[in-house]
Amino acid sequence: MPVEIFPSSPEHRRHGSNAGQPLTRRDGLLKVTGKATYAADNHREGMLYAVAAVSSIARGRVKSLDVQAAKSHPGVVEVITPANRPPLAHNPNQKMPPFGFRIEVLQDDTVRYANQPIAMVVAETLEAATEGAALLNPQYETDTARTRRENGERFKPEAVGVGGPSRVAHGDIEAGFASAARVTEAEFVTPAQYHNAMEPHAVVAEWDGDRLTLDMPNQALVLSCAGYATYFGIPPENVLIRSPFIGGGFGSKAILNGPQILAILAARMLKRPVKLALPRAQMYGPVGHRGATWQKLRVGTDAGGRLTALHHHTLSATSSFDDFLEPAANASLPLYASPAILAEHEGLRLDTGTPGPMRAPGEASGSAALEVAIDEAAEACGMDPLEFRLANYAETEPGTGRPFSSKALRECYAEGAKRFGWSGRPLAARQMRDENGCLVGWGMGTAVFHCPHFPAEARATLRADGTGLLETAGVDMGQGAWTALAQIGAEALGLDPEMVELRSGVSSLPDGGIAGGSGHTASAGLALHNAGRNAIDQLVDLATADPESPLFGAGNVGVVARAGRLHRRDDEGRSESYSDILARARRTELVGDAKAAREPAAAEAHAMFSHGAVFAEVKVDPDLGQVRATRLVGAFAAGRIINPRLVRSQYYGGMIWGASFALLEEAVTDHRTGRIMNSDLAEYHVPVNADLPSLDAILIPEDDPYVNPLGVKGVGEIGITGTVGAIANAVWHATGVRARRFPIRIEDLLSDW
Ligand code: MOS
């Protein structure tokens, strides 16, 4: 059961205080010393290794596999194909809500995308399994792959993302354009991107009768238990998932996938534990990606530069067999005050693996297009981009008129602009050069991300020795959840963080909800907060009802909990330690349980978003067209900040991804075969430190009384959203060229020169 993986670092002892402190990561020491164990580090007695053979075509049928050759290879134990794949309790062609996807688990010989598993080889060693898979020599009946916009099949979706509306209309869009003094129009292309977490999707699966234990990286522990239970026909409580450390998830580890299910199936079939770790190339297909989009924006403005209409149309790519669509157009709904907004989506079926949520799904791609379109509209109006955004600042949610639960975006604009030095920016493009003759450009973008809240449960225990224990099946995939959640729980318990142990990352703990949607700290945090208060309430009851306590008769409202002691509010000198209260009551511990969900009324009454403003400087080599993002300044407002160090780290990570989106990242498909040509970390470009020499994230204070009782909003995804547009707009400011496809390429800039 949960190993002891939750020590506190010396840093915690030094700070010795609660929420709001920049504590270092609780998991940091374990990670940098190599003591953190990831899923694939697990070994079981008698364990077998599974390796998937994947298709090298994108559409067609597997005619034959040389199963015999693979099976007779030394060490190979079994070869699983559609012919002998044991049945599942749930039809994998049927989606399972929520976040239900059709799962690819050798149900037939059809090939629907490149890198689709077409067999799974299980062997005594990884080498034998790998060699066995290479001996299968698949023969295909090949159809032409449809991987382009031109040959995909367009369709009208019922929903986008994980159930969002595919069309939202506010006001009269055509009247808005009719009354406009100017209309700017632009089309944008965003490519398929792959999550590329450092840690591959892996699982070590072990069956004991009809009980299943899984060591695997997983962003949605309890939800996934229910999913596996459905596929394998066992009760959810029979599934235990351990996910203490995750080497990045970004959404791809929140959703069940075919390879992992096949490995679990193999373990059941062969009655031995099985390990599967996807090689990097196999992460380009069966485990989700950010789908490509083709977006069209029309922006109408009046003579004074105010929006009269905003129309955002997105064509989002998905697979031939499932429906996840990047909800990119919805990025235009919450941000700018236009009397008419139309956001609509179409779907495009391609022969690709099914896309899924990837860090800032919808907003990342959608705001990339929106922020450039807004910049173009500002340019058309002869206005400074910041002035234009302020002129169109939404005081209430556009379309609905709902008040924002909080919105310190104005402060983000002001602080970010000041730190960046925006006021010195020339209005026209191609006005600035550096000392080496490079073109210099400054651009900006607005960042926005919604604030989902997931139902969550937690337990907080006060122990006789005066320490606390916090338990919730939450997940730290690098965002700092262990640390932030411990801070929230410790605060609720009136204990210093080093006095609390946090247990997390195991599905048998109270359901901490999903680590996703930038909602984990708020959701699991609120449950821990409530659980801690519950435990303290019980402690206060014990003390105030005990004539021997200095708190006798104080009543709940008359007591404060601080640093392991209860104090009378009216006379702080009268106090007693938690351990003394528990000892006299002969209690070894007090357990507070809690569930937490958002007040539906508060959620209906308010629009809830984190906001930010990102300012970018780029330098462009005038001869080579090479772009460097030399300086990024982001100012973000996201309610109460639990740990400024970790929040800043999230903003940095988001901004780095934004730069990656703008300048580097793209899965390149060979349209002749439908295969992705750069399915490795050498050719799939992501930034390194040298690509981003200067990053600055400013934390703007924001008090939000409505978003949840903690006042905490999300910080994990918003950093991408403003950054892409800011960089693209800076590239225009440097060069005078509007790049409309991402990543921005040298040839896009040179074509107009
Ligand atoms: Mo995320 S795409 O909510 O992990």
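Residues numbered from 1 in each chain as written. Predicted model: local features only at pLDDT ≥ 70, side-chain atom pairs only at ≥ 80, totals over all residues. Heavy atoms only, no water.

Enquirer: An account of the side chain of Gln219 is requested, with residue identities and associated values reported.
Expert: Take Gln219: it is sitting in the loop between β13 (211-215) and α6 (221-232). Since its relative accessible area comes to 2%, Gln219 is described here as buried. A distance of 3.0 Å separates a polar atom in the side chain of Gln219 from the backbone nitrogen of Gly251. (Helix = DSSP H or I, 4+ residues; strand = E, 2+ residues; numbered from the N terminus. Buried < 20%, exposed > 50% of the residue type's maximum accessible area, 1.4 Å probe, protein only. Polar contact = N/O pair within 3.5 Å; in protein donor to acceptor, adjacent residues only side chain to side chain.)

Enquirer: If you had to explain the sheet that holds strand β3 (residues 76-80) to someone new, which residues and values would you point to?
Expert: Read from one edge to the other, the open sheet built from 7 strands follows the order β3-β5-β1-β15-β12-β13-β14, with strand pairing classed as mixed. Each end of this open sheet is capped by a strand with a single partner; those strands are β3 and β14 (239-242). Each neighbouring strand pair of the sheet contributes to a mean axis angle of 20 degrees, computed without reference to strand direction. Across 3 bridges, the pairing between strand β1 (residues 48-54) and strand β15 (residues 274-277) is parallel. Bridge pairing in β15 places Ala50 opposite Leu276. Strands in contact with helix α7 (residues 258-270) are β1, β3, β5 (117-123), β12 (202-208), β13 and β15; relative to β12, the strand with the most contacts, it is inclined by about 30 degrees. (Pairing = 2+ DSSP bridges. Axes fitted to C-alpha atoms, helices over the stretch in contact; angles between N-to-C directions. Contact = heavy atoms within 4.5 Å.)

Enquirer: Lay out the environment of Thr110 with the relevant residues and their values.
Expert: In this fold, Thr110 is placed in strand β4 (residues 110-111). Using a relative accessible area of 29% as the deciding quantity, one classes Thr110 as partly exposed. In the structure, Thr110 is positioned 566 residues away from Ile676 in sequence and 19 Å away in space, judged by C-alpha atoms. Once residues within four sequence positions are removed from consideration, Thr110 is found in contact with Gly60 and Gln116.

Enquirer: Describe the environment of Ala597, and please don't skip the residues or the numbers.
Expert: Tracing the chain through its elements places Ala597 in the loop between β27 (589-596) and α14 (600-605). With 141 residues separating them in the primary sequence, Ala597 and Ala456 have C-alpha atoms 6.6 Å apart. Ignoring sequence-local partners within four residues, the contact set of Ala597 consists of His453, Pro455 and Leu526.

Enquirer: I'd like a rundown of the pattern of salt bridges, residues and numbers included.
Expert: Between side chains of opposite charge, a pair can form as their charged atoms come close. Across all of its chains, the model carries 50 salt bridges by this definition. Its salt-bridge partner being Asp375, residue Arg389 comes within 3.8 Å of it at the nearest N-O pair. Remark: Asp375 occurs in helix α8 (residues 363-380) and Arg389 occurs in helix α9 (residues 385-391); sequence separation between them is 14 residues. For the pair shown, Arg389 and Asp375 are each scored as buried. In this structure, the salt-bridge partner of Arg503 is Glu501, at a minimum N-O distance of 3.1 Å. Linked by salt bridges that have partners in common, Glu371, Asp375, Glu379, Arg389 and Arg738 make up one network. (Salt bridge = Lys/Arg side-chain N within 4 Å of Asp/Glu carboxyl O.)

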